[in-house]
Amino acid sequence: MDPDAVAKAFVEHYYSTFDTNRAGLAGLYQEASMLTFEGQKIQGVQSIVAKLTSLPFQQCKHHISTVDCQPSGPASGMLVFVSGNLQLAGEEHALKFSQMFHLMPTPQGSFYVFNDIFRLNYA
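None of these values were measured; they are calculated from a predicted model. Starting afresh in each chain, residues are numbered from 1 along the sequence in its written order. A pLDDT threshold of at least 70 governs which residues receive local features in this predicted model, and a stricter bar of 80 or more applies before side-chain atom pairs are shown or counted, although totals over entire chains, interfaces and linings include all residues. To get the side-chain values, all heavy atoms of the structure are used, and hydrogens and water are removed first.

(A) Representation of the pattern of salt bridges in the model. For this document, the term salt bridge refers to a Lys or Arg side-chain nitrogen within 4 Å of an Asp or Glu carboxyl oxygen. Going through the model one piece at a time under the given rule, you end up with 2 salt bridges. Across the salt bridge formed by Lys 8 and Glu 12, the nearest N and O atoms sit 2.6 Å from each other. Of this pair, Lys 8 and Glu 12 are both found in helix 1 (residues 3–20), 4 residues apart, which corresponds to roughly one turn of the helix. Residues Glu 38 and Arg 119 are paired through a salt bridge, measuring 4.0 Å at the closest nitrogen-oxygen approach. A residue pair is termed long-range when its members are at least 10 positions apart, and Glu 38 in the loop between strand 1 (29–37) and strand 2 (40–43) and Arg 119 in strand 6 (residues 111–121) qualify at 81 residues. For every residue, the accessible area (1.4 Å probe, protein chains only) is compared with the maximum for its type, and the residue is labelled buried under 20%, exposed over 50%, or partly exposed between those bounds. Here Glu 38 falls in the partly exposed class, since its relative accessible area comes to 28%. Working definition: helices are DSSP H or I runs of at least four residues, strands are E runs of at least two. Numbering for both runs from the N terminus.

(B) The arrangement of the UniProt feature "domain: NTF2" (unreviewed entry) in the chain in detail. The positions UniProt marks with the feature "domain: NTF2" (unreviewed entry) are residues 6–120. Annotation note: span residues 6–120, helix share 21%, strand share 51%, distance between end C-alpha atoms 25 Å. UniProt positions are given in the numbering used here, feature names are shortened, and annotations may be inferred rather than shown by experiment.

(C) Layout of the side chain of His 62. With respect to the secondary-structure elements, His 62 resides in strand 3 (residues 60–72). Excluding anything up to four places from it in sequence, His 62 contacts Tyr 15, Phe 18, Asp 19, Asn 85, Leu 86 and Phe 97. Every residue pair with non-hydrogen atoms within 4.5 Å of one another is taken to be in contact.

(D) Representation of the packing of aromatic side chains. Pairs were defined over the aromatic rings of Phe, Tyr and Trp, the Trp ring being its six-membered one, requiring ring centres within 6.5 Å. Orientation was assigned from the angle between planes: stacked under 30 degrees, edge-to-face over 60, tilted for the rest. Applying the stated criterion across every chain yields a total of 10 aromatic pairs. With a centroid separation of 5.0 Å and 80° between ring planes, the pair formed by Tyr 14 and Tyr 15 is classed as edge-to-face. Residue Tyr 14 is classed as buried on the basis of its relative accessible area, which comes to 1%. Judged by its relative accessible area of 3%, Tyr 15 falls in the buried class. Note on Phe 97 and Phe 118: the rings are 5.8 Å apart at their centroids and 20° apart in plane angle, and the pair reads as stacked. Separated by 21 residues along the polypeptide, Phe 97 in strand 5 (residues 95–105) and Phe 118 in strand 6 bring together distant segments of the chain. Across the pair, Phe 118 and Phe 97 agree in class, each one buried.

Here you go:
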């Protein structure tokens, strides 16, 4: 397993799904998963999806600038750090963001998001 290839595939899938069908992200989380969104901690699949689907915009497009990853611990997890721009529909200027995912393996051989931290980067 090439960690960089896994991270790249995960990032493409996550942001493509976010941009077109946020509710579809539910399958990437489990009940123990935690999202910290702009400092607000949210745990569990239903609560995380409720937060993501209630954001005050309907349409957006993520433009990824960087993806960095590292193996994480004896359980074969992975840390994935993403930076990029978030373009909201009808807005002239994109917002800069950073997001960190801690991916953990599933018994089926894929990964789920154990931790997810999102921040807008104000300059």
